[in-house]
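# Close look at the chain arrangement
One-letter residues, chain by chain:
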Amino acid sequence: MRIGHTHADVYDRESDYWQDIEDAQNAQIEAQKNSQSMAVESENKKLYDTGILPQEDAK
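Residues numbered from 1 in each chain as written. Predicted model: local features only at pLDDT ≥ 70, side-chain atom pairs only at ≥ 80, totals over all residues. Heavy atoms only, no water.

## Some points on the overall build of the protein chain
Our working definition: The helix count covers DSSP runs of H or I at least four residues long, the strand count covers runs of E at least two residues long, and both are numbered beginning at the N terminus. To sort residues, take the accessible area from a 1.4 Å probe on protein chains only and compare it with the maximum for the residue type: under 20% means buried, over 50% means exposed, and anything in between is partly exposed. Reported accessibility uses the Shrake-Rupley method at a 1.4 Å probe radius. Residues are deemed covered only where the shown protein chains occlude them.
Of the regular secondary structure elements, the protein chain holds one helix and zero strands. When the 59 residues of the protein chain are sorted by exposure, 0% land in the buried category. Just so you have it, the protein chain exposes about 5,900 Å², and 54% of that area is on carbon and sulfur atoms.

This is the structure we're talking about:
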């Protein structure tokens, strides 16, 4: 049985910790992009379905 941690053990754990944080942040950014994209698509579909176009598009 080993007591304590080697520098490599601590480094691996810390590296995994920061990698997990980075992965979580990237996943959150991706989810926000998808959410915004879906909201824009939904809004565009609503405008199209109702026949109401924003003023700047009407010519």
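And the narrative resumes.
## Points about the packing of aromatic side chains
Cut-off, in case you're wondering: Pairs were defined over the aromatic rings of Phe, Tyr and Trp, the Trp ring being its six-membered one, requiring ring centres within 6.5 Å. Orientation was assigned from the angle between planes: stacked under 30 degrees, edge-to-face over 60, tilted for the rest.
Following the criterion strictly, the structure yields one aromatic pair and no others. Ring geometry for Tyr17 and Trp18: centres 5.0 Å apart, planes at 75 degrees, overall edge-to-face. Of the residues examined, Tyr17 reaches a relative accessible area of 47% and is grouped as partly exposed.

## Re a negative patch on the surface
What counts is decided by this rule: Like charges within 9 Å and nonpolar side chains (Val, Leu, Ile, Met, Phe, Trp, Tyr) within 5 Å are joined into patches, using only residues over 30% in relative accessible area that form no salt bridge. Salt bridges are counted wherever a side-chain nitrogen of Lys or Arg sits within 4 Å of a carboxyl oxygen of Asp or Glu. Note on charges: Lys and Arg go in the positive column, Asp and Glu in the negative column, and His and the chain ends are not counted at all. By convention, charge coordinates are those of NZ in Lys, CZ in Arg, CG in Asp, or CD in Glu.
On the surface, Asp12, Asp16, Asp20, Glu22 and Asp23 cluster together into a negatively charged patch. Residue classification places Asp20 among the exposed positions, given a relative accessible area of 53%.

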